[in-house]
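# Notes for the structure review
So the chains spell out like this:
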2 protein chains.
Amino acid sequence: MSSRPTLATVARAAGVSPQTVSNVISNPHLVAPATLARVQAVIAEVDYRPNTAARRLRTQRSFVLGVRMTTDMDGISGYVLDHFLHAVTGSAQRVGLSVMLYVADDATAEMRIWDQLLAEGGVDGLVLAHTHAGDPRIGWLTERQVPFVAFGRPWCDNGSRADLGTHAWVDVDGRAGVRLATEHLLAAGHRRIAFLGWPKGSGVGDDRLAGYKEALAACDDAPQAVVLRCDGSVADATAQMALALREADLTAVVTVSDAVALGAHAAIREHATYDIALIGFDNTPVARALDISSVDQPVAEVAERCIELLKQQIDTARRRQATPETTAERQIVVRPRLVERSSSRTPIPADID
Amino acid sequence: MSSRPTLATVARAAGVSPQTVSNVISNPHLVAPATLARVQAVIAEVDYRPNTAARRLRTQRSFVLGVRMTTDMDGISGYVLDHFLHAVTGSAQRVGLSVMLYVADDATAEMRIWDQLLAEGGVDGLVLAHTHAGDPRIGWLTERQVPFVAFGRPWCDNGSRADLGTHAWVDVDGRAGVRLATEHLLAAGHRRIAFLGWPKGSGVGDDRLAGYKEALAACDDAPQAVVLRCDGSVADATAQMALALREADLTAVVTVSDAVALGAHAAIREHATYDIALIGFDNTPVARALDISSVDQPVAEVAERCIELLKQQIDTARRRQATPETTAERQIVVRPRLVERSSSRTPIPADID
DNA sequence: ATCGTTCATTTGATCGTTCCAATGTCGATA
DNA sequence: TATCGACATTGGAACGATCAAATGAACGAT
């Protein structure tokens, strides 16, 4: 009934003290080369693995990140968060951290859970998503000096974009993404391009819309902007798109999301007399399935950056230093890319324009 | 600079020994009512929380479950696993366990990670998905007596259904689900119902197909079975459905998945001269968005059962008893339900039949 | 009055690691 | 030769809880 080897076991076998074995594992540079090799050989031979519970107790660190498990009822866009979570787990794993999930019904419940996790020493840091300006959670974490990073800027949902906070976040440049999509259509010769977005006032939605306008403004021909809006659901997207098809002579549409693109797709199939180019946003399986071009969020890169920022905070917080980086260095925007599919390669009708 | 209170702190304040405080928390029934109340008052007052690292070190348990984070490239069906993960996290949380994620590229990598997690004392048990007959992982875990439970039966993918293993699993009765869907259509008067499934040989797919056949066989009118197959992709589903529409006079279709339903939906919209009833499987956001009826997998219940089974194993494994339950008691099948939407309420054309 | 039980509580050891400070060794410098 | 500093290693304590066994008190049975 031999139980797992411990530091002491290895130490005895290698003829050194437990502390030296500990150093071999955590601070190899403190150990003389010859000793290092010998101890490492013993470690390999007896298949020693450090006990994380003991390490956590002694170091007062958990090496664990907390992430809230959400299920967007909207669903189609939940895909992005799902992939983000996957990427975060991978990135964390690579730097010796692990990801622990929790669920909470609302912000209050979430803070209650944090309180517990932090008090019990369950987590060293947190990864957030869906932050908004004035989000109580941000203040809560900041006050308590809890290391955390958010996926997404804390947009103001009233339309203003004053305060992007001082906390660490990583976001995808939605404006650049939509601009990319619009420019792609312009380059293909389209001159009657609509943008089908969300209601005015959503930070993310307005940002993406801005990208559309920028692209048009930068175009020599200066085509007229056609801004359509829907509530974000597939059904309403279909309705609004159908309506627009009756009134305007469009050759292309850029949508604020793939859910909306799906709705637009249906309307086009049903009501358009000729094929209309379509580009969505998020590059979800639905877009892939229906061969709809879409703007792809580089979630893997976002995740990698998040973990970097978080690890920095955790490491410096431990040494009780003030965080040295400036706010700007802790707020990162990454560029999305356009995934071209057949939906944006439709021929432009000759009799239009 | 007051750090968090410990057992000793509380013990001193309450005038008892640390062990008594420990009992108040973990075994209240061992403590006299008066003492219990007094200690609990102190605990509340100083806001004491037990340190998990210390508990884990002493008890040699982690109270953590490992779950592999996957991202189905198929995507649309990834939705089910996503919700399952959410539910598992919630159920675990409710019984004092937490969920830790890890990623792995293949079964070998996964076992390597397990080896590490188990050796380091990182997890007490595992939750698996996507098991199949002869899955090397099942043997690996069984040999090492690691508590685990799987979502889904370990189907044989060669068509036989001999061995469902002796390990614990919870699955959704796909056959019953499709039978439910088919019966619903039969009750509505449909007599020309097709089933659009996956290629022969997939355990899950064949099981669902069996439900279709059962329903038809149980019907007095005994309509003819029309079994269509596609590779599971949206595109191929569209193609196969379009083909079938040209050859057979169908009034309704049941599909093996929502991805396939999406494809069928497109084909119907494009090629059918009259509206054809449609029922999918998985009740994903896509089905909801397009108002397609679908068979809903009760993932919350599956998760709850999984956690129950797992907790049992963990608790008994710790006491080094042989697991008392029989295999049958550790293999649970739960029934899905049909979510009716407009896609299955289409009128039946009069000139057919 | 003594003994044996049960119940409530305490004592002391232990889980496996890392922190902190001390020790010993060596070569370089004065 | 004595002193210093840099380096390699060690000893002892501590992290905060629980286990296992011992103690003490209360109480009915003998």
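Given the structure is predicted, the values throughout are model-derived calculations rather than measurements.

### Describing the sheet that holds strand β9 (residues 277-281) of chain B
All names here are of chain B. Strand order in the open sheet made by the six strands is β7-β6-β8-β9-β10-β12, with mixed pairing throughout. Since the sheet does not close on itself, it has two edges, and those belong to β7 (226-229) and β12 (337-339), each with one partner. Neighbour to neighbour, the strand axes of the sheet diverge by 20° on average, direction disregarded. As paired strands, strand β6 (residues 193-197) and β7 are joined by four bridges and run parallel to one another. If you follow G197 over to β7, its bridge partner there is R229.

### Concerning helix α1 (residues 7-14) of chain A
Residue and element names in this part refer to chain A. Buried residues of α1: L7, V10 and A14, and no others. Take α1 and look down its axis: the buried residues cluster within an arc of 70°, on one side only. Packed against the buried residues of α1 are α2 (18-26) and α3 (33-46). Following α1 by one or two positions, G15 adopts a phi angle in the positive range, close to 70°.

### Some remarks on the packing of helix α6 (residues 107-119) of chain A against helix α7 (residues 136-143) of chain A
Residue and element names in this part refer to chain A. The geometry of α6 relative to α7 is characterised by a closest axis approach of 10 Å and an angle of 20° between their N-to-C directions. As summarised for this structure, α6 and α7 are arranged roughly parallel, according to the angle between their axes. Here the hand of the crossing between α6 and α7 comes out right-handed. Residues A107, E110 and M111 of α6 form the contact with α7, whose participating residues are P136, R137 and W140. A per-class count over the contact of α6 with α7 returns four nonpolar, no polar and two charged.

### Observations regarding the domain arrangement of chain A
Considered domain by domain, chain A is made up of domain 1 (7-50), domain 2 (64-172 + 299-334) and domain 3 (174-297 + 338-344). The C-alpha centroid of domain 3 of chain A is placed 61 Å from the C-alpha centroid of domain 1 of chain A.

### Regarding the protein's contact with DNA strand D
Neighbouring DNA strand D are 25 residues, the closest being T35(A), T6(B), L7(B), S22(B) and A54(B). Those elements giving two or more residues to the surface near DNA strand D turn out to be α2 and α4 (52-59) of chain A together with α2 (18-26) and α4 (52-59) of chain B. Considering only residue class, the surface near DNA strand D consists of eleven nonpolar, eleven polar and three charged.

### Here we look at the interface of chain A and chain B
Residue-level contacts link 45 residues of chain A with 45 residues of chain B. Ranked by residues supplied to the side of chain A that touches chain B, first place goes to helix α5 (residues 78-94) of chain A with nine residues. Split by residue class, the side of chain A that touches chain B holds 21 nonpolar, 16 polar and eight charged. Pairing of strand β2 (residues 98-102) of chain A with strand β2 (residues 98-102) of chain B involves three bridges; the strand directions are antiparallel. When the bridges of β2(B) are listed, M100(A) appears paired with M100(B).

How each quantity is defined
Residues numbered from 1 in each chain as written. Chains lettered and ligands numbered in written order. Predicted model: local features only at pLDDT ≥ 70, side-chain atom pairs only at ≥ 80, totals over all residues. Pairing = 2+ DSSP bridges. Helix = DSSP H or I, 4+ residues; strand = E, 2+ residues; numbered from the N terminus. Axes fitted to C-alpha atoms, helices over the stretch in contact; angles between N-to-C directions. Buried ≥ 20, exposed ≤ 12 C-beta atoms within 10 Å, placed from the backbone. Arc of directions from axis to C-beta. Contact = placed C-beta atoms within 7 Å. Parallel < 35°, antiparallel > 145°, perpendicular 65-115°, else oblique. Left-handed = near helix turned anticlockwise from the far one by under 90°. Nonpolar A, V, L, I, M, F, W, Y, C, P; charged D, E, K, R; others polar. Domains from an automatic or database assignment. Near = placed C-beta within 6 Å.

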